[in-house]
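So you can see what is in the structure, the chains are spelled out below.
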Amino acid sequence: MCGIVGYIGNRVAIPVLLDGLHRLEYRGYDSAGMALIENGDIVIKKTKGKVSELQRMVKNLRSDARLGIAHTRWATHGEPSSRNAHPHTDSRGDLAIVHNGIIENYNALKTYLIDKGHSFKSETDTEVLVHLIEEHYNGSLLETLSQCLVEVQGTYGIALVSKKEPDRIFAARRGSPLLIGKGKGEYFVASDVSAILRYTNEIIYLEDGEIAELSKEDLSVKSASYEDVPKKVQQISWNLDMIEKDGHAHFMLKEIHEQTTSLQNAIRGRLNFEEGTARLDGLLKFMDELENAHRIIITACGTSWHAALIGEYLIEELAGIPVEVEYASEFRYRSPIINKNDIVFLISQSGETADTLGALRETKRKGGIVLGVCNVVGSTIARESDGGVYIHAGPEIGVASTKAFTSQVLVLSMIAIMLGRMKNLSLDRGRQIVRALAEVPQLVQKVLAGADTIVAIAEELYRSNNALYLGRGYNFPVALEGALKLKEISYVHAEGYPAAEMKHGPIALIDENMFTVVIATKDAIYDKILSNVAEIRARKGRILSVVNRGDKRIKELSDVVIEVPETLTFFSPIINVVPLQLLAYHVAVKRGCNVDQPRNLAKSVTVE
Ligand code: F6R
């Protein structure tokens, strides 16, 4: 998705802006640009393609500008081109704007502005904003911006500079993340903290409807009704090392290998071995509601939705509370029934996913309690939820989610244990489960220690154009997740199925060219999955199985096996998904794909 970074202070702006844009690259984009205020004038540079292209364009600029805004664009309205790249300017070239989000009424605004004599240079929705500001300018940009935004329908994160007030940056947000970084005699504006983390970890989050005016020394923030809003500066704990590759070929590989640590961080201080339960401070306020919940709804998108499915199994089995899992994109638009004793959990790594945020707001409109399971501290979903749990996975830069997924499942496991102990789960069983959960990071470490063996296994798969992923019970969502990982980064078509569903259709696909990945670790339905594997073998399908160490029966039926350590069935997804992440990674590398920035994908999907 689009990215914004802006700077005002004593540093030369170009390197700050380029560094910020490079750090936003992981979000996915197709063009880049910047606007600088140079001796009271606006200088614009923009291009289709990569930030490195923009870097080449500005190389010989010898700019001394200390103020500028920059953008990476992910095309929505108008093809990727330098004409459509941001910043966009008004008719006179007095204003330059960068924008994330979508202006829904841009057609109506454009017609109105054309009638007023404005001519447009791009096909974007964004350009109407800058012409609207030009049209209504009343001598104060802050006031004009505030008035114009009333006319705008849709979502935006905006940064604006102007020749009229050349020592200021203006910023506004509604439905698209935007934050301000505070330094000494300098301010930054960004859509994502990683863009400015190199310079500051003092962050001010803008809320929806707020607009801000930044000078070198001052920040003033107004509400939608143009009243002053006092803002708090928050220290964030992420640092620069956490957003760098640290010797790994890709962020995704680094993040896969970080999982022992990220899982330990999710557990730290939260397990109570004595009581056989978990303590999750962000839920303490809602213990009564949780205990008396008649139903839990979990809503999320993509990988987070897969984690939610495992959460359903966990909560129903350990706590006996009925759970429904729903895609956030469907939930928000289908008038969901939320009863008095329902609790809605939202799962989102980024905390900014538009559909999940929509589901959150729909739940709140209906008076429901919303609890978030998020990674990014201070993200919109984290802030707008009534309570919740951070997964503490650290920054995830690779577009394909890996460590966030395992930490989400781990946090859901702790939620299920905690609820279980509040209901019928016995002390003995609780203690046993908690002890097993505490061992999970070390078991993941064992899988990672054998990571190299997966390079050779990827050799088997990378020429295939199709793959089936099968799993049952807790490992059915792992099959979905394994298939999603493969398709999103290697562009190999892959489908996940509950293994028993195979005979209801997909079995027609099995022949000697079809590659099937089966998650077949030991659990109560191991024998059933054994039969499914035999059915594939009988049809000469190629089989890769994920099995527990020492398993002979599945091994005999499979072409290749990946062995993983045994744990309680509840926690097997956290372990079993790791080799599938590695498999997808190595297949993608062998196919020459851009692993960290797969085509058409964005890290946080902030548009519908
Ligand atoms: C896939 C992936 C996506 C996200 C989805 C939701 O690897 O990362 O499917 O899981 O876009 O994102 P969050 O969790 O940020 O709400």
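Scroll up to find the structure.
Residues numbered from 1 in each chain as written. Predicted model: local features only at pLDDT ≥ 70, side-chain atom pairs only at ≥ 80, totals over all residues. Heavy atoms only, no water.

**Some points on the overall build of the chain**
No. 1: Check the secondary structure of the chain and you find 19 helices and 26 strands.
No. 2: On C-alpha atoms alone, the chain measures out to a radius of gyration of 25 Å, which is about the 25 Å that the 2.2 N^0.38 rule sets for 608 residues.
No. 3: The C-alpha extent of the chain, read off along each of the three principal axes, is 75 × 55 × 45 Å.
No. 4: A total of 608 residues make up the chain; the buried ones form 62% of that total.
No. 5: Here the contacts in the chain between residues at least 6 apart in sequence split such that 72% fall between residues at least 24 apart.
No. 6: When the accessible surface of the chain is split by element, carbon and sulfur atoms take 47% of a total near 22,900 Å².
No. 7: Computing the positive centroid from 70 side-chain charges and the negative centroid from 77, the chain places the two 3 Å apart. (Helix = DSSP H or I, 4+ residues; strand = E, 2+ residues; numbered from the N terminus. Rg over C-alpha atoms; globule rule 2.2 N^0.38 Å. Buried < 20%, exposed > 50% of the residue type's maximum accessible area, 1.4 Å probe, protein only. Contact = heavy atoms within 4.5 Å. Areas by Shrake-Rupley, 256 points an atom, 1.4 Å probe, with all protein chains shown as cover. Lys, Arg positive; Asp, Glu negative; His and termini not counted. Charge placed at Lys NZ, Arg CZ, Asp CG, Glu CD.)

**Some points on the environment of Phe405**
No. 1: Looking at the element boundaries, Phe405 is found in helix α13 (residues 403-422).
No. 2: Setting aside residues no more than four positions away along its own chain, Phe405 makes contact with Thr303, His306, Ala307, Ile310, Glu481 and Val577.

**Some remarks on helix α16 (residues 476-490)**
No. 1: With 15 residues, α16 should reach 21 Å at 1.5 Å per residue; the first-to-last C-alpha distance of 21 Å fits that figure.
No. 2: Most of α16 sits inside the fold, with 13 of its 15 residues counted as buried.
No. 3: Of the residues flanking the end of α16, it is Tyr491, one or two places downstream, whose phi is positive at about 60°. (Expected span 1.5 Å × (residues − 1).)

**Focus: the layout of surface pockets**
No. 1: Taken as a whole, the largest pocket spans an internal volume of roughly 620 Å³.
No. 2: If you go around the largest pocket, you meet 40 residues; those closest to its centre are Trp238, Asn375, Val376, Val377 and Pro395.
No. 3: Elements with a contribution of two residues or more to the lining of the largest pocket: α7 (259-267) and α12 (380-384).
No. 4: Among the elements that make up the lining of the largest pocket, the one with the highest residue count is α7 (three residues). (1 Å grid on protein atoms, 1.4 Å probe; cavity = no way out; pocket = protein on both sides within 12 Å on 5 of 7 lines; lining within 4 Å. Points joined across faces, edges and corners; volume = space filled by probe spheres on them.)

**Some words on the nonpolar core**
No. 1: Core analysis: the biggest nonpolar cluster contains 102 residues, and Leu290, Phe345, Ile415, Leu419, Tyr469 and Leu583 have the highest contact counts within it.
No. 2: Here this core gets 13 residues from one element, more than from any other, and that element is α13.
No. 3: Membership of the second largest hydrophobic core comes to 35 residues, among which are Val193, Tyr205, Ile243 and Val376. (Core = buried A, V, L, I, M, F, W, Y, C linked by side-chain atoms within 4.5 Å.)

**Focus: the sheet that holds strand β21 (residues 387-390)**
The strands making up a sheet associate through hydrogen bonds between their backbones, and the pairing can be parallel or antiparallel.
No. 1: Spatially, five strands are ordered β18-β17-β19-β20-β21 in an open sheet, and the strand pairing comes out parallel. On the outer flanks of this sheet lie β18 (323-327) and β21, each paired with one strand and no other. Each strand of the sheet is rotated relative to its neighbour by a mean of 20°, with strand direction disregarded.
No. 2: In the sheet, strand β17 (residues 295-300) pairs with β18 via five bridges, with the strands oriented parallel. Note that in β18 the partner of Ile298 across the bridge is Val325.
No. 3: Contacting β17, β18 and β19 (342-348), helix α9 (residues 302-319) runs over the sheet at an angle of about 175° to β18.
No. 4: The strands that α13 touches are β17, β19, β20 (369-374) and β21; relative to β19, the one it contacts most, it runs at about 160°. (Pairing = 2+ DSSP bridges. Axes fitted to C-alpha atoms, helices over the stretch in contact; angles between N-to-C directions.)

**Observations concerning the packing of helix α14 (residues 427-449) against helix α19 (residues 572-590)**
No. 1: Here α14 crosses α19 at 30°, and the two axes come no closer than 9 Å. What the angle tells us is that α14 and α19 run roughly parallel. In this structure, the crossing between α14 and α19 has a hand that is right-handed. Where α14 approaches α19, its residues Val440, Leu443, Val444, Val447 and Leu448 are matched on the opposing element by Ile574, Ile575, Val578, Pro579 and Leu582.
No. 2: Considered class by class, the residues forming the contact of α14 with α19 number ten nonpolar, no polar and no charged. (Parallel < 35°, antiparallel > 145°, perpendicular 65-115°, else oblique. Left-handed = near helix turned anticlockwise from the far one by under 90°. Nonpolar A, V, L, I, M, F, W, Y, C, P; charged D, E, K, R; others polar.)

**Describing the pairing of strand β13 (residues 219-222)**
No. 1: By the bridge criterion, four bridges tie strand β12 (residues 211-214) to β13 in an arrangement that is antiparallel. Bridging from a neighbouring strand, Leu214 pairs with Leu219 of β13.
No. 2: As consecutive antiparallel partners, β12 and β13 are separated by four residues.

**A look at the site of the ligand**
No. 1: Surrounding the ligand, one finds 13 residues, the nearest of these being Ser304, Ser348, Ser350, Thr353 and Glu488.
No. 2: Here an oxygen atom of the ligand and a backbone polar atom of Thr303 are 3.1 Å apart.
No. 3: One of the side-chain N or O atoms of Ser350 is found 2.6 Å from an oxygen atom in the ligand.
No. 4: In the complex, 90% of the free accessible area of the ligand, which totals 400 Å², lies under the protein chains.
No. 5: Taken together, the elements giving at least two residues each to the shell around the ligand come down to α9 and α16. (Near = heavy atom within 4 Å. Polar contact = N/O pair within 3.5 Å; in protein donor to acceptor, adjacent residues only side chain to side chain.)

**A closer look at the pattern of salt bridges**
No. 1: One pass over the full model with this rule turns up 36 salt bridges.
No. 2: Lys403 serves as the salt-bridge partner of Glu258, at 2.7 Å between the closest nitrogen and oxygen. Of the two residues, Glu258 is situated in the loop between α6 (251-257) and α7 and Lys403 in helix α13; the sequence distance between them amounts to 145 residues.
No. 3: What you see here is one network of salt bridges that share partners, running through Asp19, Arg23, Arg198 and Glu244. (Salt bridge = Lys/Arg side-chain N within 4 Å of Asp/Glu carboxyl O.)

**Some remarks on the sheet that holds strand β24 (residues 515-519)**
No. 1: With parallel pairing, five strands are arranged side by side in an open sheet as β23-β22-β24-β25-β26. Two strands close off the open sheet at either side, each with one partner strand: β23 (493-498) and β26 (560-564). With strand direction ignored, the average angle separating the axes of adjacent strands in the sheet is 20°.
No. 2: Contacts from helix α15 (residues 453-461) reach β22 (466-471), β24, β25 (542-548) and β26 within the one sheet, and its direction differs from that of β26 by about 145°.
No. 3: Set on the sheet, α16 makes contact with β22, β23 and β24; between it and β23 the angle comes to about 175°.

**So, the side chain of Asn475**
No. 1: Here Asn475 is to be found in the loop between β22 and α16.
No. 2: On the basis of relative accessible area, Asn475 is assigned to the buried category, the value being 2%.
No. 3: Of note is the side chain of Asn475, whose polar atom sits 3.1 Å from the side chain of Ser572.

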